[in-house]
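Analysis of the macromolecular model
Each chain, written out:
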Amino acid sequence: MSNSRILIVDQTGQLGGGELSLLDFARHRRKDCDVLLFSDGPFRERLEQAGVSVAVEQGANDVLAISREQGLWSSLRVVPNLANLVWAVAMKSRRSNLLYANSQKALVVCALASVIGRRPLIWHLHDILTASHFSAAMRAIAIRLANWRASCVIANSQATADAFAAAGGRRRAVVIHNGIDPAPFSNVDAEAAGTELRRQIGCGDSPLVGVFSRLAFWKGQHIAIEAARSTPDVHVVLVGGPLFDEQAYEDKLRREADNAEVRGRIHFLGFRNDIPALMSAVDIVIHTSIAPEPFGRVIVEGMLAQKPVIATAAGGALEIIEDGVSGLLVQPGDAGALAAAMRAILASPNERADLACRGYESALRKFSLEACLAATDEVVDVTAGKSARRRFS
Ligand code: UDP
Ligand code: GLC
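A few points on the structure. These numbers come from a predicted model, not from an experiment.

Thresholds applied
Residues numbered from 1 in each chain as written. Chains lettered and ligands numbered in written order. Predicted model: local features only at pLDDT ≥ 70, side-chain atom pairs only at ≥ 80, totals over all residues. Heavy atoms only, no water. Axes fitted to C-alpha atoms, helices over the stretch in contact; angles between N-to-C directions. Helix = DSSP H or I, 4+ residues; strand = E, 2+ residues; numbered from the N terminus. Parallel < 35°, antiparallel > 145°, perpendicular 65-115°, else oblique. Left-handed = near helix turned anticlockwise from the far one by under 90°. Contact = heavy atoms within 4.5 Å. Salt bridge = Lys/Arg side-chain N within 4 Å of Asp/Glu carboxyl O. Buried < 20%, exposed > 50% of the residue type's maximum accessible area, 1.4 Å probe, protein only. Pairing = 2+ DSSP bridges. Near = heavy atom within 4 Å. Polar contact = N/O pair within 3.5 Å; in protein donor to acceptor, adjacent residues only side chain to side chain. Areas by Shrake-Rupley, 256 points an atom, 1.4 Å probe, with all protein chains shown as cover. Nonpolar A, V, L, I, M, F, W, Y, C, P; charged D, E, K, R; others polar. 1 Å grid on protein atoms, 1.4 Å probe; cavity = no way out; pocket = protein on both sides within 12 Å on 5 of 7 lines; lining within 4 Å. Points joined across faces, edges and corners; volume = space filled by probe spheres on them. Right-handed = clockwise from strand over helix to strand, strands pointing away.

So, about the packing of helix H11 (residues 221–229) against helix H16 (residues 335–347). Contact pair H11 / H16: the axes reach a minimum separation of 8 Å and the direction vectors enclose 60°. With respect to each other, H11 and H16 are oriented oblique. When the axes of H11 and H16 are compared, the crossing they make is right-handed. On the side of H11, the interface is formed by Ile223, Ala224, Glu226 and Ala227, while H16 contributes Ala335, Leu338 and Ala339.

Counted by the stated rule, this structure contains 18 salt bridges. One salt bridge connects Arg199 with Glu196, and the closest N-O pair in it is separated by 2.8 Å. Separated by 3 residues within a single helix, Arg199 and Glu196 lie in helix H10 (residues 190–201), roughly one turn from each other. On the basis of relative accessible area, Arg199 is assigned to the exposed category, the value being 57%. Each of Arg29, Asp32, Asp377 and Asp381 takes part in one network of salt bridges that share partners.

On the basis of which strands lie adjacent, the open sheet formed by 7 strands has the order S3-S2-S1-S4-S5-S6-S7 and parallel pairing. Each of the sheet's edge strands pairs with one partner strand only, and the pair in question is strand S3 (53–56) and strand S7 (173–175). Sheet twist, expressed as the average angle between the axes of neighbouring strands with direction ignored, equals 20°. Inspection of the sheet shows strand S4 (residues 98–101) paired to strand S5 (residues 121–125) by 3 bridges, in the parallel sense. The residue bridging Ala101 from the neighbouring strand is Trp123, located in S5. Across the sheet, helix H7 (residues 136–149) touches S5 and strand S6 (150–155), and the angle it forms with S6 is around 125°.

Taken together, 17 residues sit near ligand 1, with Gly17, Arg214, Lys219, Arg272 and Glu301 positioned nearest. At a separation of 2.8 Å, a nitrogen atom of ligand 1 approaches a polar backbone atom of Arg272. Relative to its unbound accessible surface of 540 Å², ligand 1 loses 90% to contact with the protein. Among the secondary structure elements, those contributing two or more residues to the shell around ligand 1 are helix H1 (17–28) and helix H14 (297–304).

Glancing now at the site of ligand 2. The environment of ligand 2 is made up of Gly17, Gly18, His126, Asn156, Asn178, Trp218, Glu293, Pro294, Phe295, Gly296 and Arg297. Contacts to ligand 2 include Gly296, whose backbone N or O atom sits 2.9 Å from an oxygen atom. Coverage of ligand 2 by the protein chains reaches 93% of its 310 Å² of free accessible surface. Tallied by class, the residues present in the shell around ligand 2 amount to 3 nonpolar, 6 polar and 2 charged.

Turning our eyes to something else, we now look at empty space enclosed by the protein. Scanning the model with the defined rule gives 2 cavities of 30 Å³ or more in all. Approximately 110 Å³ is the volume attributed to the largest cavity. Lining the largest cavity are 16 residues, with Ser21, Phe25, His124, Cys372 and Thr376 positioned closest to its centre. Counting only elements with at least two residues in the lining of the largest cavity, the list comes to H1 and helix H18 (369–392).

Below, the discussion takes up the environment of Cys372. Its location among the elements puts Cys372 in helix H18. Spatially, the C-alpha atom of Cys372 lies 6.2 Å from that of Asn178, the residues being 194 residues apart in sequence. In contact with Cys372, not counting residues within four places along its chain, are Ile176, His177, Asn178 and Gly179.

To continue, consider the pairing of S5. Counting buried residues along S5, 5 of its 5 residues qualify, which places the element largely inside the surrounding structure. The alternating pattern of S5 places Leu121, Trp123 and Leu125 on one face and Ile122 and His124 on the opposite face, and all of these are buried. Handedness of the crossover is the feature at issue here: the chain leaves S4, passes through helix H6 (residues 104–117), returns alongside S5, and the resulting connection is right-handed. In this structure, S5 lies alongside S6, joined through 5 bridges in parallel fashion. Opposite Ile122, over in S6, you have Cys152 as the bridge partner.

Written as structure tokens, this is what we have:
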């Protein structure tokens, strides 16, 4: 174990995949890290339950209100608030020998704070920096700050690392795939979970597929609803909430779900904390993102739940699934192809079992949580160590 102390900064108190991945790392390093969030929420509670020291920096609201699509000039009005936030982070960083930014807005604040606090900075990049996810201004700011201040960038997939380089990122990006603990998935009684979910939604013995992503346009739940139109006996559970200001999209999905062709077959379960049980309860886990998924924890989780997984062929999904071997890939946005893949799996119990079995073995092998934590430890400790050597030489 090293003697690096880390100040980890994340902008949100919500439980997105970036936060769940950080939860594992912060739990693992709880003796030598402090987490600072820019807003309160269930993420703070989960960190506390894990024994992690966590604080919420109040007064970050203006900075948080900047959207991913916002331009440069309209973003400038937050400067006074940003300055206070930077100062607060710089002061807190004095107890640590490393700053670790786990999100885009955290990077902006940490990069500036790292100058005042004179601490090295790691940016854990969970996003694909392209026009389909961020405005040109947001990308330019993030890239410039990373090039200027980050000692190292951790990318959650090769696709994320490639997009970073293509956008002008010059810092070394170390690819560390998320690791997922298989235990919660193997501890589930799948039969009981299936019976309970089917009873709750009243779908009888009909085929049941599930999407397990937060409700957001780019996550493509509307494609799952469209696919359900041409698979008339299939029921779909949409598990996830509109975590980041996506209420309008949920309203739109609910209207689409009320269409006569699918009415009664689309079930909104909201944000849930029992993903392993819910995944074990469905026949197929589907991933429907219409923009490249930076990594895609839900894909690996579906494999660990020993379900056949259908995912969209872009971004991190291509690093997780080998098409036809450990799952199936379809083109993003192609509801017809998704429906055909669902039909093929449902029609062949043998193929279903084989895909699930190979997917499970592949996920266990490639996405071990221990390997992910060890790789992250190495980046953290090497970065902190190098900086200490520079200071004392
Ligand atoms: N998740 C959850 N409850 C929900 C829906 C999703 O806990 O109701 C979890 C899911 O199990 C996964 C994470 O949220 O671990 C989503 O991560 P992913 O990388 O798939 O996508 P992101 O939302 O980070 O883009
Ligand atoms: C982000 C990405 C998701 C990834 C997660 C964890 O939220 O959208 O694809 O799996 O971070 O790295």
